Amino acid sequence: MICLIAGSTWWLLGPALTLAWDHSVEKIRWEEDYRVVDDRLVLVEARVQGSGAGMEPPPHARYADGWWRYAGTVPPLERLTLANSDFTPDYQLCLAGLCQPLARYLGRHRGPVALTPC
């Protein structure tokens, strides 16, 4: 299972999720699919709807249906820390196809939060 952690509060999310956001400068959608394998978060696939401002897809990405898609290239993670700031658009957590803003879980909490296997 994947947990969302903010301070001393935990939310049990599910065995897999999509982390989605819009780039603060380019306003381009980015999505990453994660699942838990051997007590680590594994980036299964990432997608981006364009490029620019440091969002260039890697050379092995393939363009299809308006998205650059590619397999994850980072090693499995113990924790994925997310900035949670008033100065950037909110992340969305997508579970079983339903996307909700991070604020739905956190309320007014500001500051870093983490996704971690639990």
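Located above this text is the structure these notes cover.
### Here we look at the pattern of salt bridges
Move 1: Counting across every chain of the model gives seven salt bridges.
Move 2: In this structure, the salt-bridge partner of arginine 29 is aspartate 22, at a minimum N-O distance of 4.0 Å.
Move 3: The partly exposed category is assigned to aspartate 22, whose relative accessible area is 34%.
Move 4: The network of salt bridges with shared partners includes Asp22, Arg29, Glu31, Asp33, Glu45, Arg47 and Arg69.

### A closer look at the side chain of glutamate 31
Move 1: Within the secondary structure, glutamate 31 sits in strand S4 (residues 29–37).
Move 2: Among the residues examined, glutamate 31 registers a relative accessible area of 14% and is labelled buried.
Move 3: Here arginine 29 takes part through its side chain, which lies 3.3 Å from a polar atom of the side chain of glutamate 31.
Move 4: Setting aside its immediate chain neighbours within four residues, glutamate 31 contacts Thr18, Leu19, Ala20, Glu45, Ala46, Arg47 and Trp67.

### Side note on the sheet that holds strand S8 (residues 80–82)
Move 1: What the four strands build is an open sheet, ordered S2-S1-S11-S8; its pairing is antiparallel. A strand with exactly one partner marks an edge of an open sheet, and here the two such strands are strand S2 (9–14) and S8. On average, each strand axis in the sheet is inclined to that of its neighbour by 25°, with strand direction left out of account.
Move 2: With four bridges connecting them, strand S1 (residues 2–6) and strand S11 (residues 113–117) associate as antiparallel partners. Counterpart to isoleucine 2 in the pairing with S11 is proline 117.

### Observations concerning the sheet that holds strand S9 (residues 92–95)
Move 1: Strand order across the open sheet formed by seven strands is S6-S7-S5-S4-S3-S9-S10, with antiparallel pairing between neighbours. The open sheet has two edge strands with one neighbour each: strand S6 (62–64) and strand S10 (98–101). Averaged over all pairs of adjacent strands, the angle between strand axes in this sheet comes to 30°, irrespective of strand direction.
Move 2: Direction of pairing for strand S5 (residues 40–48) relative to strand S7 (residues 67–71): antiparallel, over a ladder of four bridges. Residue pairing for S7: valine 48 is matched across the bridge by tryptophan 68.

Each value, and the rule that gives it
- Residues numbered from 1 in each chain as written.
- Predicted model: local features only at pLDDT ≥ 70, side-chain atom pairs only at ≥ 80, totals over all residues.
- Heavy atoms only, no water.
- Salt bridge = Lys/Arg side-chain N within 4 Å of Asp/Glu carboxyl O.
- Buried < 20%, exposed > 50% of the residue type's maximum accessible area, 1.4 Å probe, protein only.
- Helix = DSSP H or I, 4+ residues; strand = E, 2+ residues; numbered from the N terminus.
- Polar contact = N/O pair within 3.5 Å; in protein donor to acceptor, adjacent residues only side chain to side chain.
- Contact = heavy atoms within 4.5 Å.
- Pairing = 2+ DSSP bridges.
- Axes fitted to C-alpha atoms, helices over the stretch in contact; angles between N-to-C directions.

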